[in-house]
Amino acid sequence: MLSGAYLRPLTPADAADVLAGFQADPEMIRQGDVTDLDSAGKYIEFLTDSEQGNHGFAIVVESRCGGVVGINGASQHRLGWFFYWMHPEFRGQGLTARAAASVANWALTNGGFERLELGHRVNNPASGAVAQAAGFIHEGTERAKFLVKGERVDVRTYGRLSTDPAPDTEPLPLSSR
Ligand SMILES: CC(C)(COP(=O)(O)OP(=O)(O)OC[C@H]1O[C@@H](n2cnc3c(N)ncnc32)[C@H](O)[C@@H]1OP(=O)(O)O)[C@@H](O)C(=O)NCCC(=O)NCCS
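Residues numbered from 1 in each chain as written. Predicted model: local features only at pLDDT ≥ 70, side-chain atom pairs only at ≥ 80, totals over all residues. Heavy atoms only, no water.

Engineer: It is not clear to me how the overall build of the protein should be interpreted in this structure. Could you clarify?
Structural biologist: Across its full length, the protein carries 4 helices and 7 strands. Put simply, the protein runs from its N terminus to its C terminus through helices and strands in the order β-α-α-β-β-β-α-β-α-β-β. Projected onto its principal axes, the C-alpha coordinates of the protein cover approximately 40 × 35 × 35 Å. By residue count, 46% of the 177 residues in the protein fall in the buried class. Contacts spanning at least 24 positions in sequence make up 62% of the contacts within the protein whose residues lie at least 6 apart. When the accessible surface of the protein is split by element, carbon and sulfur atoms take 50% of a total near 9300 Å². Across the protein, the centroid of the 16 positively charged side chains sits 4 Å from that of the 21 negatively charged ones. (Helix = DSSP H or I, 4+ residues; strand = E, 2+ residues; numbered from the N terminus. Buried < 20%, exposed > 50% of the residue type's maximum accessible area, 1.4 Å probe, protein only. Contact = heavy atoms within 4.5 Å. Areas by Shrake-Rupley, 256 points an atom, 1.4 Å probe, with all protein chains shown as cover. Lys, Arg positive; Asp, Glu negative; His and termini not counted. Charge placed at Lys NZ, Arg CZ, Asp CG, Glu CD.)

Engineer: What is the right way to read the layout of surface pockets from this model?
Structural biologist: The gaps left among the atoms become clear once a water-sized probe is rolled over them. A volume near 1000 Å³ is recorded for the largest pocket. Along the walls of the largest pocket sit 40 residues, with Gln31, Tyr84, Trp85, Asn124 and Ser127 positioned nearest its centre. Elements with a minimum of two residues in the lining of the largest pocket: helix H2 (37-47), strand S4 (79-86), helix H3 (95-109), strand S5 (115-121), helix H4 (125-133) and strand S6 (137-148). The dominant element in the lining of the largest pocket, judged by the number of residues it contributes, is S4, at 6 residues. (1 Å grid on protein atoms, 1.4 Å probe; cavity = no way out; pocket = protein on both sides within 12 Å on 5 of 7 lines; lining within 4 Å. Points joined across faces, edges and corners; volume = space filled by probe spheres on them.)

Engineer: Explain the pairing of S5 here, please?
Structural biologist: In summary, the side chains of a regular strand alternate between the two faces of the sheet. Note: S4 against S5, 3 bridges, orientation parallel. Each residue of the ladder has a partner; that of Gly80, found in S5, is Leu116. Following the chain from S4 across H3 to the adjacent parallel S5, one finds a crossover that is right-handed. In this structure, S5 lies alongside strand S7 (residues 151-161), joined through 7 bridges in antiparallel fashion. When the sheet's bridge partners are listed, Glu117 is paired in S7 with Gly159. (Pairing = 2+ DSSP bridges. Right-handed = clockwise from strand over helix to strand, strands pointing away.)

Engineer: Just to check I follow, could you spell out helix H1 (residues 15-23) for this structure?
Structural biologist: Every α-helix carries 3.6 residues per turn, so stepping three or four residues along brings you back to the same face. Taken together, the buried positions of H1 are occupied by Ala15, Val18, Leu19, Gly21 and Phe22. Taken around the axis of H1, the buried residues stretch over an arc of 155 degrees, which confines them to a single face. Next to the buried residues of H1 lie H2, strand S3 (64-74) and S4. (Arc of directions from axis to C-beta.)

Engineer: Which parts of the structure should I look at to understand the site of the ligand?
Structural biologist: Near the ligand, the surroundings consist of 19 residues, among which Tyr84, Gly92, Gly94, Thr96 and Asn124 are the closest. Taking Tyr84, its main chain carries an N or O atom lying 2.9 Å from a nitrogen atom of the ligand. A distance of 3.4 Å is found between an oxygen atom of the ligand and a side-chain nitrogen or oxygen belonging to Arg91. In this structure, the ligand is accommodated by the largest pocket. (Near = heavy atom within 4 Å. Polar contact = N/O pair within 3.5 Å; in protein donor to acceptor, adjacent residues only side chain to side chain. Sits in = over half its atoms within 2 Å of the grid points.)

Engineer: Sorry, what's going on with unusual backbone geometry here?
Structural biologist: Glycine aside, negative phi is the norm for most residues, and most peptide bonds take the trans geometry. A positive phi angle, near 50 degrees, is found at Glu62, a position not held by glycine. Looking at where Glu62 falls in the secondary structure, it is placed in the loop between strand S2 (55-61) and S3. You can call Glu62 exposed: its relative accessible area is 54%. Even without a glycine there, the phi angle at Ala144 is positive, about 50 degrees. Position of Ala144 relative to the elements: it lies in strand S6.

Engineer: Would you take a moment to explain the nonpolar core for this structure?
Structural biologist: Across soluble globular proteins, nonpolar side chains show a tendency to be buried alongside one another. One finds Ile59, Phe82, Tyr84, Leu116 and Phe136 to be the most contacted residues of the largest nonpolar core, which totals 28 residues. Sorting the residues of this core by element identifies S2, S3, S4, H3, S5 and H4 as the ones contributing at least two each. Take this core: its biggest share by element is 8 residues, from H3. Those residues within four positions of Ile59 in sequence are excluded, and the remaining contacts are Tyr6, Leu7, Arg64, Cys65, Gly66, Gly67, Val68, Val69, Trp85, Met86, Ala99 and Leu172. Ranked by size, the runner-up nonpolar core spans 17 residues in total, among them Met28, Tyr43, Ile44 and Phe83. (Core = buried A, V, L, I, M, F, W, Y, C linked by side-chain atoms within 4.5 Å.)

See the structure below:
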């Protein structure tokens, strides 16, 4: 287990680490259009655009941004689309689950959200495990939603409400900067 991991808001200085995360796994293409430092900077700018109700947090591991937990807001409905990714080097240690639990706990208490939602392809069970560890409840399946490598793939959808119980998952510390 890596000690000392924590969360803080993403900053423009995280662009190189974000780019490294996208370049380390071909599956990351589904997380956004990040192919160079410039596009990594734009990705961070979008995720930290508070006027749009967006929030992006760096999962700091070994003093670098090893992963991200983000929320794209829809302020009219106090609703947020929730997502996460981790650099392959730091996966499988429960850090994404703990980071997702922290950010969801914050968003539904002090962050102004009343509902968070997410979806993952059925052939990405690790993402479903993270969602459940972060207190999300399985709500349904969108059949044949995505076309992936020529095959249509179902997507499992999850939601967590401000009235749902917080999970038992030990949260990662969340720093304001
Ligand atoms: C999905 C992803 C974020 C998981 O990150 P991670 O750091 O390995 O997750 P954690 O170590 O916190 O593990 C969380 C849970 O997933 C489970 N898990 C990990 N890999 C798994 C796998 N291949 N199959 C099934 N479960 C798996 C773990 O056992 C753990 O469950 P547990 O708490 O019940 O033991 C990571 O694989 C990733 O970044 N993938 C690419 C981006 C992506 O798919 N994001 C999600 C889009 S919605």
